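# Overview (structure and organization)
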Amino acid sequence: MNGKWVEKIKKVEELASQYERHPLCMAYKPKLAKPWQPPSVWRLFPRQALAFNFAKTQKADVHVFALETVIDDTERRLFLVTTYTEFWFYYVKHYKTLAHCYEIIPAETVCKLYFDLEFNISANPGADGQKMVALVIEYFSNKLEECYGLKCSTDCVLNLDSSTKEKFSRHLIFVFQDAAFKDNIHVGNFVKGALQPVFHLIEHKLDVEITCETHISTKDTVEVSNLIPHHGICTAKRNLQQIRKKEYDLSSLIVKDKDGSNRLFIDLGVYTKNRNFRLYKSSKLGKNVPFKVAEDNAFIPKPQKYISAEESLFLSSLVSNVRFSDTMKILICVSPENDKNRSACLDHESKNVPGIIMKGYQFSPYPEIDYFILSIVTRDGFQGGIRQWNYFFSEELLVYDTVNYRWCENIGRSHKSNNVMLLVNLKGEHWYQKCYDPVCRAQNFKSNCYPLPSEICLHFLFKEDDEEFFYSMDENGNIKETKVNVHSHAQEMLSAKKSEDFTSCERDWDSGIDDACILEATEDVELADALDKNMSDLYCEDKEIPDELLLQALNEYDMFMKN
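Residues numbered from 1 in each chain as written. Predicted model: local features only at pLDDT ≥ 70, side-chain atom pairs only at ≥ 80, totals over all residues. Heavy atoms only, no water.

### Observations regarding the overall build of the protein chain
- A tally of helices and strands in the protein chain yields 14 helices and 23 strands.
- Within the protein chain, the fraction of its 563 residues that count as buried is 52%.
- Taking the contacts inside the protein chain whose residues are at least 6 apart along the sequence as the reference set, 68% of them involve residues at least 24 apart.
- Carbon and sulfur atoms provide 50% of the accessible area of the protein chain, an area that totals close to 27800 Å². (Helix = DSSP H or I, 4+ residues; strand = E, 2+ residues; numbered from the N terminus. Buried < 20%, exposed > 50% of the residue type's maximum accessible area, 1.4 Å probe, protein only. Contact = heavy atoms within 4.5 Å. Areas by Shrake-Rupley, 256 points an atom, 1.4 Å probe, with all protein chains shown as cover.)

Spelled out as structure tokens, the structure:
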């Protein structure tokens, strides 16, 4: 055999051996390939705002999670953007990496009623945690019926336990099919309002004691009078005499902290904007006490196609996992002070928009879209306005209830008494109209979809910036940091390395069509080696080079030499 060929084969074998010792560890490339599974998205960000902005530009139904990890001996909290399906797939696969994760409850989005319950066991030797949890469920179930007419029992409440010998810890998530709160600030108002009877028992009272007027908003709301529940908004005081009230002794919900001071069993600090709420099966960093289904849990999720029982529990535990439906009731609880501030804000902002009508609620998270909807309900002589909006983060859907605007595409004219709703699909970048009218609703009417103006689409409003550093997770679940300008550095490095490799190949190898397989194999191995050294932290689209390809090339060369 030609000595030159022997030398080149030896070089290929050395590269193959190096590849075996240091296999290419690609940046995570999703492998969800079932027909019912969503498109793959998996991105890590150092800051929450970047993650949300990226999520808003994606067509896929993505969500933002926070994860605690240790990088270079430093504790870090990173923000992951992915779909529920993909997160769950790798959540159970890479337990070590994803063992400390949190749902981020987005600000101003429709969500479930939820509670964080805890007390120090040694400081409360006589406390019975299970009885206290049962009291919270029963008391707030009664309040939901009293204020909103909702029937609730223990089988509607997912009960998760993360207790230790030192600390009793529970999460409760109320799961309804047809009702949810406008956002978690309204949840906090409802919880604080319901707990007014026990505040005087605490030595250190809340800075602001909330006495709120509670409202219920359904998807067939119209203006009402005399606070009578007639297809619409009504105060919590409506017909309370028809609901059998029950007196509760809530003194057991007052517990002692380590210092011996009184505090509530219910943590009232979890009702803030963009709240991080620990996930089912996750524990705090440095601990191994994940949330699991409590022994006294009575909630069983309904089976769903292609979804396991464990995944169904996970999806049910997500506070912001609420889907829009025409029959959805949006529960509202506003404190008087907040309501006053909102009205003042609206009075100031509405002066800039002729004909604007917004009753009781400030602008949505997307004021550009609010103004676009206002332009629709005020055109052609209409004097319409926005009565209220609701935002469903799971579907990136804004639902606007209109006032003084009744134009219906289904009948080609205005309804005589029923207003309409306008829905904006932020992912699809279009809007359409639905009706409160009973006939239109019976027909399940939905108007044609119309595109949003490009200047108010999310890809225009939120543009992802290159970061000085970013994080990537490889397929083994390892997270690494890269302090580079990601896109430009990756392109320059790959281009330079390819050019260098090609020059070397042309200089050392004989040219000719018979050498094509060996040349291609060597280029692939060298590119893989370059990626292994320099690109493992980047989001690279190149595929792994399997060992079988190298063996195939050598076998083909041997056959060629024998012939």
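On we go from here.
### Here we look at the side chain of Ser 447
- Within the secondary structure, Ser 447 is located in the loop between α10 (438–442) and β21 (450–451).
- Once residues lying within four places of it in the same chain are set aside, the contact partners of Ser 447 are Glu 409, Tyr 432 and Gln 433.

### Topic: the pairing of strand β4 (residues 101–105)
- The buried fraction of β4 is high, at 5 of 5 residues.
- For strand β2 (residues 62–71) and β4, the ladder comprises 3 bridges, and the chain directions are antiparallel. Within β4, the position partnered with Phe 65 by the bridge is Glu 103.
- Strand direction decides the pairing type here: β4 and strand β12 (residues 275–278), joined by 4 bridges, are antiparallel. Bridging from a neighbouring strand, Ile 105 pairs with Arg 275 of β12. (Pairing = 2+ DSSP bridges.)

### So, the environment of Leu 98
- Mapping Leu 98 onto the fold places it in the loop between α3 (84–91) and β4.
- According to the relative accessible area criterion, Leu 98 is buried, its value standing at 0%.
- Sequence spacing of Leu 98 and Thr 69 is 29 residues, and the spatial spacing of their C-alpha atoms is 8.2 Å.
- Once residues lying within four places of it in the same chain are set aside, the contact partners of Leu 98 are Trp 42, Leu 67, Tyr 90, Tyr 91 and Ser 282.

### Observations concerning the pairing of strand β6 (residues 157–161)
- Across the 5 residues that make up β6, a large majority, 5, are buried.
- Between β6 and the antiparallel strand that follows it, strand β7 (residues 167–174), lie 5 residues.
- Pairing of β6 with strand β13 (residues 292–293) involves 2 bridges; the strand directions are antiparallel. In the sheet register, Asp 161 faces β13, and the bridge partner there is Lys 292.

### Here's the deal with helix α4 (residues 129–148)
- For α4, with 20 residues, the first-to-last C-alpha span of 28 Å sits near the 28 Å given by 1.5 Å per residue.
- Of the residues flanking the end of α4, it is Gly 149, one or two places downstream, whose phi is positive at about 75 degrees. (Expected span 1.5 Å × (residues − 1).)

### Here's the deal with the sheet that holds β6
- Taken in spatial order, the 4 strands of this open sheet run β5-β7-β6-β13, and their pairing is antiparallel. Of all the strands in the sheet, the pair left with one neighbour each is β5 (113–120) and β13.

### Details of the nonpolar core
- Residues Phe 115, Phe 140, Leu 144 and Val 191 are the most contacted members of the largest nonpolar core, which totals 78 residues.
- In this structure Phe 115 touches Val 136, Phe 140, Arg 170, His 171, Leu 172, Phe 174, Val 191, Ile 266, Tyr 271 and Phe 277, once residues within four positions along its chain are discounted.
- Ala 66, Tyr 102, Leu 426 and Leu 452 belong to the second-largest nonpolar core, a separate cluster that totals 42 residues. (Core = buried A, V, L, I, M, F, W, Y, C linked by side-chain atoms within 4.5 Å.)

### As for the pattern of salt bridges
- Per the counting criterion, the structure on display carries 11 salt bridges.
- Asp 61 serves as the salt-bridge partner of Arg 323, at 3.0 Å between the closest nitrogen and oxygen. Of the two residues, Arg 323 sits in the loop between α7 (309–317) and β14 (329–334) while Asp 61 sits in the loop between α2 (48–56) and β2, which places them 262 residues apart along the sequence.
- Overall, the relative accessible area of 37% leaves Arg 323 in the partly exposed class.
- A salt bridge links Asp 296 to Arg 170; its shortest N-O distance comes to 3.1 Å. Taken together, the residues Asp 296 in the loop between β13 and α7 and Arg 170 in strand β7 connect sequence positions 126 residues apart.
- One network of salt bridges, with partners in common, ties together Asp 161, Arg 170 and Asp 296. (Salt bridge = Lys/Arg side-chain N within 4 Å of Asp/Glu carboxyl O.)

### Notes on unusual backbone geometry
- In this structure, Glu 429 takes a positive phi of about 55 degrees despite not being glycine.
- Tracing the backbone shows Glu 429 in the loop between β19 (420–425) and β20 (430–435).
- In this structure, Asn 444 is a non-glycine residue whose phi angle is positive, near 55 degrees.
- Along the chain, Asn 444 falls in the loop between α10 and β21.

### Comments concerning the sheet that holds strand β15 (residues 385–392)
- One open sheet holds the 5 strands; their spatial order is β15-β16-β19-β20-β21, and the pairing between them is antiparallel. Of all strands in the sheet, those with a lone pairing partner are β15 and β21, marking the two edges.
- Both β19 and β20 contribute to a ladder of 6 bridges, which runs antiparallel. Counted as the bridge partner of Leu 422 is Gln 433 from β20.

### Brief notes about the state of the cysteines
- For the structure shown, the criterion picks out 0 disulfides.
- In this structure Cys 435 is not part of a disulfide, and its nearest cysteine sulfur, from Cys 408, lies 3.3 Å away.
- Classification of Cys 435 by relative accessible area gives buried; the value is 5%.
- Residue Cys 440 stays outside any disulfide, its sulfur separated by 3.8 Å from that of Cys 408, the closest cysteine.
- Classification of Cys 440 as buried rests on a relative accessible area of 2%. (Disulfide = S-S within 2.5 Å.)

### Remarks on the packing of α3 against α7
- The geometry of α3 relative to α7 is characterised by a closest axis approach of 11 Å and an angle of 125 degrees between their N-to-C directions. Considering the angle they form, α3 stands oblique to α7. Handedness of the crossing formed by α3 with α7: right-handed. For the pair α3 and α7, the contacting residues are Tyr 84, Thr 85, Phe 87, Trp 88 and Tyr 91 in the first and Glu 310, Glu 311, Phe 314 and Leu 315 in the second.
- Split into classes, the residues belonging to the contact of α3 with α7 amount to 6 nonpolar, 1 polar and 2 charged. (Axes fitted to C-alpha atoms, helices over the stretch in contact; angles between N-to-C directions. Parallel < 35°, antiparallel > 145°, perpendicular 65-115°, else oblique. Left-handed = near helix turned anticlockwise from the far one by under 90°. Nonpolar A, V, L, I, M, F, W, Y, C, P; charged D, E, K, R; others polar.)

### Side note on the environment of Arg 278
- By the element assignment, Arg 278 lies in strand β12.
- Residue classification places Arg 278 among the buried positions, given a relative accessible area of 11%.
- A C-alpha to C-alpha distance of 8.1 Å links Arg 278 and Phe 291, two positions 13 residues apart in sequence.
- Ignoring any residue separated from it by four or fewer positions in sequence, one finds Arg 278 in contact with Cys 101, Tyr 102, Ser 162, His 171, Ser 283, Lys 284, Val 289, Pro 290 and Phe 291.
- At 3.4 Å, the side chain of Arg 278 and the side chain of Ser 162 are in polar contact. (Polar contact = N/O pair within 3.5 Å; in protein donor to acceptor, adjacent residues only side chain to side chain.)

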